[in-house]
Amino acid sequence: MLAGTGSDVGKSVLATALCRIFRQDGYHPAPFKAQNMALNSYATPDGLEIGRAQAVQAEASGLAPHTDMNPLLLKPNSEHTTQVVLNGHPIGNRSAYDYFRREGREELRREVHAAFDRLSATYNPIVMEGAGSIAEVNLRSSDLVNMPMARYADAAVILVADIDRGGVFASCYGSVMLQEPDDRRRIKGIIINKFRGDHRLFDEGRRMVEQLCGVPVLGVVPMLKDLAIDAEDSVALERKWHSTVTGRVNIAVVLLRHISNFTDFDVIERDPRVNLYYAATPDDIAQADIVILPGTKATLDDMLELRRSGMAQAIVRAHAARKRIVGICGGYQMLGRNIYDPDGIEGSIASLPGLGLIDMDTTMTATKTTQQVEFMFHGHKCRGYEIHQGQSTATDAVTEANGCIGTYIHGCLDNQPVIDHLLRGLTGETATTAISLDEFRSQQYDLLAAHVRQHVDIEQLYNIMRQ
């Protein structure tokens with residue numbers, strides 16, 4: 001198990017690297033995260049939902065994603081409520097208070113244990129991932145994903161610390177010493193992640209961490225650069241702010257409060273013809289050639305906020321100025337005339353007018369659509385996936401009207417024909433894609449594995465696992 005001193009320390013990316021390394025070394029690994037809280041999710045081949053990070057780790061392992069890899073997924077609707085997805089199926093919305101109370105926790109614990117048992121009966125090794133910090137002692141009795149899960153799986157725990165945010169000595173020492181004695185003995189190594197500069201300057205610091213914690217440091221991993229690995233959650237967006245660039249097609253992705261599946265833009269962001277940035281103000285939208293409304297976990301709430309902030313009016317002005325407007329999933333719903341929620345699926349807002357840019361109405365439904373899809377786009381077979389609640393009166397896979405493009409399909413911008421169509425007439429350059437997206441991702445996993453092999457003692461890690 002890779003466990004963290006905190007959130008966003010790099011556990012998911014390191015787990016992806018280990019999945020790839022173990023596969024390269026002839027093993028049959030599989031990822032496992034008992035409970036994930038993220039709005040970036042993915043539809044499995046059998047039409048169920050898991051966290052995007054575990055889908056990426058499955059791909060690095062050479063496997064199709066399965067709900068046993070992430071049996072419990074929490075998708076926040078607001079600061080206080082979350083949708084609970086168990087074994088790929090939504091089972092309702094819960095307040096944080098209700099979710100973390102002890103009542104009912106044992107039933108969830110049995111479910112995640114059963115998922116682990118099924119997975120470990122087929123694959124070896126299991127690359128487990130914790131969540132957040134392992135030292136949240138106030139949540140210890142209700143915890144499903146960190147040390148109690150490590151205990152159940154009899155896993156060796158590798159503590160991951162982020163040196164870039166500062167306080168690495170205190171976070172490592174505190175994370176180890178706040179454990180119960182049996183759990184403390186389970187921590188077998190430490191990886192210092194996101195190091196900047198000459199790692200030799202940290203040689204003395206490495207020895208000090210080992211002396212303080214009584215645990216070997218298996219590696220000091222430099223900050224990753226220029227590798228395209230899908231991010232787990234929106235914390236990564238803090239590193240994706242850009243300004244407009246002359247000579248490129250400037251694409252503004254509207255920064256919604258409940259933005260989901262922003263990995264939809266990873267491929268087009270790498271296109272050399274494009275400068276993609278996240279728009280937080282009306283002025284950001286005014287400077288764009290193309291405006292994209294992304295997916296959201298709370299369509300009506302985000303629609304209300306767009307009107308309050310002036311962003312909705314800026315999008316309408318951009319459309320009047322003949323800028324191209326794209327809506328994906330919840331963003332697609334916002335492009336229509338009206339959004340109805342008569343049963344309170346999303347909350348207390350019963351209905352709102354949309355932007356009125358596509359002749360379409362949407363009604364929220366209790367049934368959730370989760371499926372992988374193939375669709376034809378201008379004569380080309382393309383792939384993507386759907387994860388949404390709500391039915392819209394427009395029925396085409398991709399709807400084009402009045403300079404707007406709308407679709408429920410996440411991953412539609414992973415397809416080169418869709419990208420080329422979107423950029424048509426805005427740039428004189430043509431696409432220069434040399435390899436397919438699948439080949440590109442495989443290449444990225446190999447580069448990630450090589451990076452981690454260079455800086456982590458993998459043989460020592462194998463010795464820990466054998467013990």
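Provided above is the structure to which this section pertains.
Residues numbered from 1 in each chain as written. Predicted model: local features only at pLDDT ≥ 70, side-chain atom pairs only at ≥ 80, totals over all residues. Heavy atoms only, no water.

K.L.:
What is the right way to look at the sheet that holds strand β21 (residues 361-377) in this model?
P.N.:
Within a sheet, neighbouring strands are paired by backbone hydrogen bonds and run either parallel or antiparallel to one another. Spatially, four strands are ordered β20-β19-β21-β22 in an open sheet, and the strand pairing comes out mixed. The open sheet is flanked by β20 (351-353) and β22 (380-392), the only strands paired with a single partner. Recorded for the sheet is a direction-independent mean angle of 25° between the axes of neighbouring strands. Here strand β19 (residues 338-340) pairs with β20 via three bridges, running antiparallel. Residue pairing for β20: N338 is matched across the bridge by P353. Of the strands in this sheet, β21 and β22 touch helix α14 (residues 416-423), which is tilted by about 100° from β21. (Pairing = 2+ DSSP bridges. Helix = DSSP H or I, 4+ residues; strand = E, 2+ residues; numbered from the N terminus. Axes fitted to C-alpha atoms, helices over the stretch in contact; angles between N-to-C directions. Contact = heavy atoms within 4.5 Å.)

K.L.:
Mind showing me how you'd approach a nonpolar patch on the surface here?
P.N.:
Taken together, F169, Y173, M177, M208 and L212 make up a surface patch of nonpolar side chains, about 410 Å² in accessible area. No other element matches helix α6 (residues 168-177), which puts three residues into the nonpolar patch. Here M208 lies in helix α8 (residues 203-213). (Patch = residues over 30% accessible without salt bridge, like charges linked within 9 Å, V, L, I, M, F, W, Y side chains within 5 Å. Areas by Shrake-Rupley, 256 points an atom, 1.4 Å probe, with all protein chains shown as cover. Salt bridge = Lys/Arg side-chain N within 4 Å of Asp/Glu carboxyl O.)

K.L.:
Just checking my understanding: could you explain the environment of V209 for this structure?
P.N.:
When you line up the elements, V209 lands in helix α8. Not counting residues within four places of it along the chain, the set of residues in contact with V209 comprises F169, C172, I190, F202, G214 and V217.

K.L.:
It is not clear to me how the pairing of β22 should be interpreted in this structure. Could you clarify?
P.N.:
Regular strands show a simple pattern: their side chains alternate between the two faces of the sheet. In this structure, β21 lies alongside β22, joined through 12 bridges in antiparallel fashion. When the bridges of β22 are listed, T362 appears paired with S392. Counted between consecutive antiparallel strands, the loop separating β21 from β22 contains two residues, among which H378 sits at a positive phi close to 50°.

K.L.:
I keep staring at the pattern of salt bridges and nothing clicks. Help me out?
P.N.:
For side chains of opposite charge, pairing can occur when their charged atoms come near one another. If you walk through the whole model with that rule in mind, you get 27 salt bridges. A salt bridge links R273 to D271, with the shortest nitrogen-to-oxygen separation between them at 2.8 Å. One continuous salt-bridge network, built from bridges that share partners, spans D8, D162, R165 and K194.

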